[in-house]
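Here are the chains, one letter per residue:
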Amino acid sequence: MKKMSILLAALLLAPAPALAADYKCHGNRVEKSGSTQYTVRTSGADITIEKGGGTRGRAVKRGGGHAVEVGGSTQATIENGRIYKGGSTWATVSDAQRVYDCPDIVAATLWVLAQKGQL
């Protein structure tokens, strides 16, 4: 019985395996199951997300963060590891990176675009 208790305790204390992100960045491509879904273009600190040659949205450097824009209209801002919508915290960059295994601003931009139905 004592061995069983020790084994149970060891299993409970063992770290849980990390959940794999659905999407992964490889160079300027965002892939799902090995197939390219989106292309990431950079110009200085600005990032553009494209699909099929068309722009889905962009993250534009503003002050200490980025503004996520769709059609020139700001949908959210990314600053200090947080994603803001209307001045309130919407999510964290870590939340976005759990879905999109990409650099922080790219993952956050993709996350915002998905929430807004733009992907």
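Residues numbered from 1 in each chain as written. Predicted model: local features only at pLDDT ≥ 70, side-chain atom pairs only at ≥ 80, totals over all residues. Heavy atoms only, no water.

**Topic: the state of the cysteines**
Point 1. Applying the stated criterion across every chain yields a total of one disulfide.
Point 2. Linked covalently through their sulfurs, Cys25 and Cys102 form a disulfide whose S-S length is 2.0 Å. Between Cys25 and Cys102, the S-S dihedral sits near 90°, and the bridge is therefore right-handed. Placement of the pair is Cys25 in strand β1 (residues 23-26) and Cys102 in the loop between β10 (100-101) and α3 (104-115), with a sequence separation of 77 residues. Residues Cys25 and Cys102 agree in their burial class; the two are buried. (Disulfide = S-S within 2.5 Å. Helix = DSSP H or I, 4+ residues; strand = E, 2+ residues; numbered from the N terminus. Buried < 20%, exposed > 50% of the residue type's maximum accessible area, 1.4 Å probe, protein only.)

**Topic: the pairing of strand β6 (residues 65-70)**
Point 1. Among the six residues that make up β6, six are buried, leaving the element largely enclosed by the rest of the structure.
Point 2. Examined bridge by bridge, strand β5 (residues 54-62) and β6 share five bridges and lie antiparallel to one another. What sits directly across from Arg58, in β6, is Glu69.
Point 3. Where β5 folds back onto β6 in an antiparallel hairpin, the turn is made up of two residues, including Gly63, whose phi is positive at roughly 55°.
Point 4. Of the strand pairs in this sheet, β6 and strand β7 (residues 73-79) are connected by five bridges, and their pairing is antiparallel. Looking at the pairing, Glu69 lines up with Thr74 of β7.
Point 5. What sits between the antiparallel neighbours β6 and β7 is a turn of two residues, in which Gly71 has the positive phi angle 60°. (Pairing = 2+ DSSP bridges.)

**A short note on the packing of aromatic side chains**
Point 1. Inspection of every chain in the model, using the stated rule, returns three aromatic pairs.
Point 2. Their ring planes at 75° and their centres at 5.1 Å tell us that Trp90 and Trp111 sit as a pair that is edge-to-face. Remark: Trp111 occurs in helix α3 and Trp90 occurs in strand β9 (residues 88-92); sequence separation between them is 21 residues.
Point 3. Cluster of aromatic residues (ring-pair linked, three or more members): Tyr23, Tyr38 and Tyr100.
Point 4. Across the ring face of Trp90, the terminal group of Lys85 is positioned such that the distance to the ring centre comes to 4.8 Å. (Phe/Tyr/Trp six-rings, centres within 6.5 Å; stacked < 30°, edge-to-face > 60°. Lys NZ or Arg CZ within 6 Å of the ring centre and 35° of its normal.)

**Brief notes about the nonpolar core**
As a rule of thumb, nonpolar side chains are buried together in soluble globular proteins.
Point 1. One finds Val30, Ile49, Ile83, Cys102, Val106 and Leu110 to be the most contacted residues of the largest nonpolar core, which totals 26 residues.
Point 2. Mapped onto this core, the elements with two or more residues apiece are β1, β3 (35-43), β4 (46-51), β6, β7, α2 (93-99) and α3.
Point 3. For this core, the leading source of residues is α3, giving eight residues.
Point 4. With sequence-adjacent residues up to four places away left out, Ile49 is seen in contact with Tyr38, Thr39, Val40, Gly54, Thr55, Arg56, Gly57, Val106, Thr109, Leu110, Leu113 and Leu119. (Core = buried A, V, L, I, M, F, W, Y, C linked by side-chain atoms within 4.5 Å. Contact = heavy atoms within 4.5 Å.)

**Considering the environment of Lys116**
Point 1. Following the sequence through the fold, Lys116 ends up in the segment after α3.
Point 2. By relative accessible area, Lys116 is classed as partly exposed at 32%.
Point 3. In this structure the C-alpha to C-alpha distance between Lys116 and Val70, which are 46 residues apart in sequence, comes to 9.2 Å.
Point 4. Not counting the four nearest positions on each side in its chain, Lys116 is found in contact with Gln75, Lys85 and Trp90.

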